[in-house]
Amino acid sequence: MATRLLTEFGMGTSLRRQDYTQAARRALQDALWHNSINLAELYGQPKEAMQITVEIGVQQPDAVDTDALRDIFPYGQLQFDVVKGGLDVPRPDGHPTVIANVALSVALELDA
């Protein structure tokens, strides 16, 4: 069983285009760009062994293209879970600003 070693959080927006995938991309970048995750090396494992779970919350989960987000991660085993969450902020023009929230967890199989 894998042991979760790290969880990062991020928020991203699509201000005018109501692009839920872009908001999710920006949330992932927010979670990742502030860190240098060296967990695999710390535990003597290859980077490809990292099990990365990406939870994305947006108001329209079906509008997120998770395949378009895979290029953010140069390695690791990815699992995406997109759920209703985030926030659509009304605007006077009738097109809301989209906010996505992300929780990114990294786990490794560790010897007991």
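Just so you know, these numbers come straight off a predicted model, no measurement behind them.

Enquirer: Go over the overall build of the chain with me, naming the residues and quoting the values.
Expert: Regarding its fold elements, the chain presents two helices and five strands. Of the regular secondary structure in the chain, the N- to C-terminal order runs β-α-α-β-β-β-β. Its C-alpha atoms give the chain principal-axis dimensions of roughly 55 × 25 × 20 Å. Burial analysis of the chain (112 residues in total) assigns 37% to the buried set. A separation of at least 24 residues holds for 76% of the contacts in the chain among residues at least 6 apart in sequence. In the form shown here, the chain has an accessible surface area of approximately 6500 Å², with 49% of it arising from carbon and sulfur atoms. Each charge sign in the chain was given a centre, from 9 positive and 15 negative side chains, and these centres are 9 Å apart.

Enquirer: Can you explain the pattern of salt bridges? Please cite residues and give values.
Expert: In this structure the tally under the stated criterion is five salt bridges. With its nearest N and O atoms 3.6 Å apart, the salt bridge here joins Asp19 to Arg17. The exposure class of Asp19 is partly exposed, given its relative accessible area of 24%. Residues Asp67 and Arg70 are paired through a salt bridge, measuring 3.5 Å at the closest nitrogen-oxygen approach.

Enquirer: Account for the nonpolar core, with residues named and values stated.
Expert: In a soluble, globular protein the nonpolar side chains are often hidden away together inside. Residues Leu28, Val54, Ile56, Leu69, Phe73 and Leu104 are the most contacted members of the largest nonpolar core, which totals 26 residues. Elements that contribute at least two residues to this core include exactly helix 1 (20–32), helix 2 (39–42), strand 2 (51–58) and strand 5 (97–109).

Enquirer: Explain the side chain of Glu8 residue by residue, including any values.
Expert: Within the fold, Glu8 resides in strand 1 (residues 2–14). Buried charge without a partner: Glu8 forms no salt bridge, and the closest opposite charge is Arg4, 12 Å away. Those residues in contact with Glu8, other than ones at most four positions away along the chain, are Ala31, Asn35, Val102, Ala103 and Leu104.

Reading the values: rules and limits
- Residues numbered from 1 in each chain as written.
- Predicted model: local features only at pLDDT ≥ 70, side-chain atom pairs only at ≥ 80, totals over all residues.
- Heavy atoms only, no water.
- Helix = DSSP H or I, 4+ residues; strand = E, 2+ residues; numbered from the N terminus.
- Buried < 20%, exposed > 50% of the residue type's maximum accessible area, 1.4 Å probe, protein only.
- Contact = heavy atoms within 4.5 Å.
- Areas by Shrake-Rupley, 256 points an atom, 1.4 Å probe, with all protein chains shown as cover.
- Lys, Arg positive; Asp, Glu negative; His and termini not counted.
- Charge placed at Lys NZ, Arg CZ, Asp CG, Glu CD.
- Salt bridge = Lys/Arg side-chain N within 4 Å of Asp/Glu carboxyl O.
- Core = buried A, V, L, I, M, F, W, Y, C linked by side-chain atoms within 4.5 Å.

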